[in-house]
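Close look at the chain arrangement
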Amino acid sequence: MKESHFFYVPTLPETEELPVDEAQHAIRVLRLQTGDSLWLLDGVGNFYQAEVTLTTSKRCLFRIVESKAQLKGWHGNIHLAIAPTKNIDRMEWMVEKACEVGIDQFSFLQCKFSERKILRIDRLEKIMISAVKQSRKPMMPIINELSSFETFISSPRVGRKFIAHCYPEIERKDFFSILQQVDVNEDVTVLIGPEGDFSIDEVKLAMANGYVSISLGNSRLRTETAGLYAVMMAQLTKRR
């Protein structure tokens, strides 16, 4: 069976032309021609079956044959707020895998022990688009710019809020156990610290702002592993 090709077109259904990057992939890599079929996603819950109507050296036009509304594979919203790692490859890996698993929103935190102060959101967006297409997700996650820890936790959030850390002197509840008791439709926001963890003052400040202190288990995890692990726990308890 011939493989279906998916393309991200956020301006659907108003447009009949692939974005530049997607057009280049369709023409130069996949060598699509007039009459070939393709699938499009708009990132807000719809898939479109389409047919190529014209290709040039730089452009790929299409006509929509059928539209199909899609549901997310999970209830509520999953929001991961994480301090970027010094090695950006690890953060890019985490974004890719979290998108494949299923997530609604990424935020990035500048913390006391953070070793990375600059983040290229445009590069992460490209990785995210590729992962969403590969995993056939109907929704494109929101991705936010790097912000200070204090700014993030002081902003209003709906749903349940959690902060994961490794301080034994502060009581921590098991994240997965809590999620199993939370209404599946409630939004979940979870904070993951940098490689040196949050400072103890940051943990206390988050708790003062309504964040529940949690543990992700007995193993000490790398930042990117903890972020993906938290998303997977949320998926296991919120999937349809």
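About the criteria used
Residue numbers restart at each chain and count upward from 1, following the sequence in its written direction. Since the coordinates come from a predicted model, pLDDT governs what is reported: local features require at least 70, and pairs of side-chain atoms require 80 or more to be given and counted, while whole-chain, interface and lining totals use all residues. For side-chain calculations, the full set of non-hydrogen atoms in the structure is used, while hydrogens and water are omitted. UniProt positions are given in the numbering used here, feature names are shortened, and annotations may be inferred rather than shown by experiment. Secondary structure is summarised from DSSP: a helix means a run of H or I of at least four residues, a strand means a run of E of at least two, and numbering begins at the N terminus for each. The definition used for a disulfide is geometric: two cysteine sulfur atoms within 2.5 Å. In plain words, nonpolar cores are sets of buried Ala, Val, Leu, Ile, Met, Phe, Trp, Tyr and Cys residues tied together by side-chain atoms within 4.5 Å. Buried, partly exposed and exposed residues are distinguished by accessible area as a fraction of the type maximum, computed with a 1.4 Å probe on protein chains only: under 20%, between the cut-offs, and over 50%, respectively. Two residues form a contact once any of their heavy atoms are found within 4.5 Å. Paired strands, as defined in this entry, are two strands with at least two bridges between them according to DSSP. Axis definition: a line fitted to C-alpha atoms, limited for helices to the stretch in contact. Angles are taken between N-to-C directions and run from 0 to 180 degrees.

1. Details of the UniProt feature "domain: Ribosomal RNA small subunit methyltransferase E PUA-like" (unreviewed entry) in the protein chain
Per the UniProt record, "domain: Ribosomal RNA small subunit methyltransferase E PUA-like" (unreviewed entry) is found at residues 20-64. Helix makes up 22% of residues 20-64 and strand makes up 44%, while its end C-alpha atoms are separated by 18 Å.

2. Concerning the state of the cysteines
Enumeration over the complete set of coordinates arrives at zero disulfides. The thiol sulfur of C166 is not disulfide-bonded, and the nearest other cysteine sulfur, from C111, lies at 13 Å.

3. Concerning the nonpolar core
With 42 residues, the main nonpolar core has L80, M94, F106, F108, F175, I192 and L216 as its most contacted residues. Top element by residues in this core is helix α7 (residues 223-238). It accounts for six residues. When sequence neighbours within four positions are dropped, the list of residues in contact with F108 reads I82, P84, M91, V95, L119, I121, L124, I143, N144, E145, L146 and S147.

4. Some words on the environment of T15
Here T15 is to be found in the loop between β1 (6-8) and α1 (20-29). Placed 153 residues apart in sequence, T15 and P168 show a C-alpha to C-alpha distance of 55 Å. Ignoring sequence-local partners within four residues, the contact set of T15 consists of V9 and F62.

5. So, the sheet that holds strand β10 (residues 188-192)
Adjacent strands of a sheet pair through backbone hydrogen bonds, lying either parallel or antiparallel. Read from one edge of the open sheet, seven strands run β7-β6-β5-β10-β8-β11-β9, paired in parallel fashion. Edge strands, defined here as strands with exactly one partner in the open sheet, are β7 (142-148) and β9 (173-174). In this sheet, strand β11 (residues 212-215) lies alongside strand β8 (residues 160-164) in parallel orientation, the contact comprising three bridges. What sits directly across from I163, in β11, is S213. The sheet contacts of α7 involve β5 (78-82) and β10, and relative to β5 the element is tilted by about 170°.

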